[in-house]
Amino acid sequence: HLGDETMAAHHAPRDLEQPTAAGGRFSTHTANGNILVRNRETGVLEEERIPSYIRISLRAIYSGKQPKPPLALLRKLTLIEGAKYDHPSSVKSIAGFIRFHHLNMQEVLRPTAEFKTFNEFFYRKLKPGARCVVAPHDDTVAVCGADGRTVVFDSVDAAAELWVKGRRFTLRNLIDDDAFVDRHFPDGAALAIFRLSPQDYHRFHWPVGGRVFRQRRIAGAYMTVNPLAIRHPVDVFTENVRHVMAIDTKEFGVCLYVAVGATMVGSITITNPAEGGSAGDAEVNLDPAAAPAVVKGSECGFYAFGGSTNLLLLPRGSICFDEDLVENSARPLETLVRMGHQLGVATGKVPVRPTSEV
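Just so you know, these numbers come straight off a predicted model, no measurement behind them. (Residues numbered from 1 in each chain as written. Predicted model: local features only at pLDDT ≥ 70, side-chain atom pairs only at ≥ 80, totals over all residues. Heavy atoms only, no water.)

What to know about the overall build of the protein
Note the threshold: Counting from the N terminus, the helices are DSSP H or I runs at least four residues long and the strands are E runs at least two residues long. Here the term buried applies to any residue with accessible area under 20% of the maximum for its type, exposed to any over 50%, and partly exposed to those in between, with areas from a 1.4 Å probe on protein chains only. Contacts: residue pairs with any heavy atoms within 4.5 Å of one another.
Secondary structure assignment for the protein yields 10 helices and 20 strands. When each of the 358 residues of the protein is scored for burial, the buried share is 54%. Within the protein, contacts between residues at least 6 apart in sequence are counted, and of these 77% link residues at least 24 apart.

Below is the structure:
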């Protein structure tokens, strides 16, 4: 038996069918709360560290014994936890969090003693060079926009079949804008999902370069983005609070980058307004030709405490995702990546651009 509090990232045999200490065989999608990911840098299968109380709570809420999680309760808990981790007394939680998750503090920009609250620590910045962006001057290469666990699919329908089990998971429901979907995604969308766990670096970056011409904050719930919920028939991505950003690119066409809040994530902050960010919840609609440009790999925003998810949607057929990501996703298995890792390469098949954005 592996105790949650004493187990480092558990290295498992590369074969998913090997026995495990969980009392049987590895499973990437059962309701036992265990999560397995393939570490891209080492090739090793690892079991994600989750505190016992969170694992038990997830089993209780998403066990399938109730048709829908208690949304009002999750929202209340999120707001309470957000306020707690913004209070100066929350610094007491930093040291234990670092120990439990074995965080590498050598890559963090500021000394631990300088953080005034737990949330300040949680959305910490890293030292220059701590993350390297692949092909920084070649925008035909898309990169992973965050540290986290990713799955990729050549269509939203494929994602719904293999990974996302929400009954209402469609591109139209995700961004709540039928006209935009009809205009820019007539053949559907390829999808990359980046799931950030609490132990991850929680600033996210632009996966492609281009001009950010539309932004919209959609109010919603605060359900967990843990795979146990994503693979449960609840509509996490289409019901949770989310910030939708549209990026006009030469290489892929118009792409969507969606920041999704979750349980215990009290805020999604988009940074660098001068580079296409938004300081608040106001909707932004600009002429793509005059919209501010963003550089691939530059910072886009950050999340306060909790797990969260970024979604990247590209016109179907415009990207060839990296082979290892495709193979793992088909199993289905998440791949642990770092911000700046290569995600895929443009195919040159850019959809015909509408003559007007109006």
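Still to come is the rest of the account.
A few points about empty space enclosed by the protein
The test is simple: Only protein atoms enter the 1 Å grid used here. Points where a 1.4 Å probe fits but cannot escape make up a cavity, open sets with protein on both sides within 12 Å along at least five of seven lines make up a pocket, and a residue lines them when an atom lies within 4 Å of a point. Grid points are joined across faces, edges and corners, and a volume is the space filled by probe spheres set on the points.
One pass over the structure, following the stated rule, counts 3 cavities of 30 Å³ or more. Of the volumes computed, that of the largest cavity is approximately 110 Å³. Lining the largest cavity are Ile 175, Asp 177, Phe 180, Arg 214, Gln 215, Arg 216, Val 244, Met 245, Ala 246 and Leu 256. Those elements that provide at least two residues to the lining of the largest cavity are strand S10 (210-218) and strand S11 (242-249).

A short note on the pairing of strand S12 (residues 253-260)
Heads up, the rule is: Any two strands are treated as partners once DSSP identifies two or more bridges connecting them.
Among the 8 residues of S12, 8 are classified as buried, and the element is accordingly described as predominantly covered. Where S11 lies against S12, 8 bridges are found, and the strand directions are antiparallel. Bridging from a neighbouring strand, Val 244 pairs with Val 258 of S12. As consecutive antiparallel partners, S11 and S12 are separated by 3 residues. Alignment of S12 against strand S17 (residues 308-315), held across 5 bridges, turns out to be antiparallel. Across the sheet, Ala 259 pairs through a bridge with Asn 310, a residue of S17.

Quick word on helix H10 (residues 323-330)
As a reminder of what qualifies: Directions pointing from the helix axis toward each C-beta atom define the arc.
Leu 325, Asn 328 and Ser 329 are the residues of H10 that are buried. On an axial view of H10, the arc spanned by its buried residues comes to 100°, and they lie on one face.

Here we look at the pattern of salt bridges
So the rule is basically this: Salt bridges are identified by distance alone: a Lys or Arg side-chain nitrogen within 4 Å of an Asp or Glu carboxyl oxygen.
With the rule as written, the count across this model stands at 14 salt bridges. Across the pair Arg 216 and Asp 176 runs a salt bridge, and its minimum N-O distance is 3.3 Å. Note that Arg 216 is positioned in strand S10 and Asp 176 in the loop between helix H6 (171-175) and helix H7 (178-184), a separation of 40 residues in sequence. According to the relative accessible area criterion, Arg 216 is partly exposed, its value standing at 26%. With a shortest N-O distance of 2.8 Å, Glu 334 and Arg 195 are connected by a salt bridge. With a gap of 139 residues between them, Glu 334 in strand S19 (residues 334-337) and Arg 195 in strand S8 (residues 189-196) connect regions that are remote in the sequence. Connected through salt bridges with shared partners, the residues Arg 40, Asp 322 and Asp 324 form a single ionic network.

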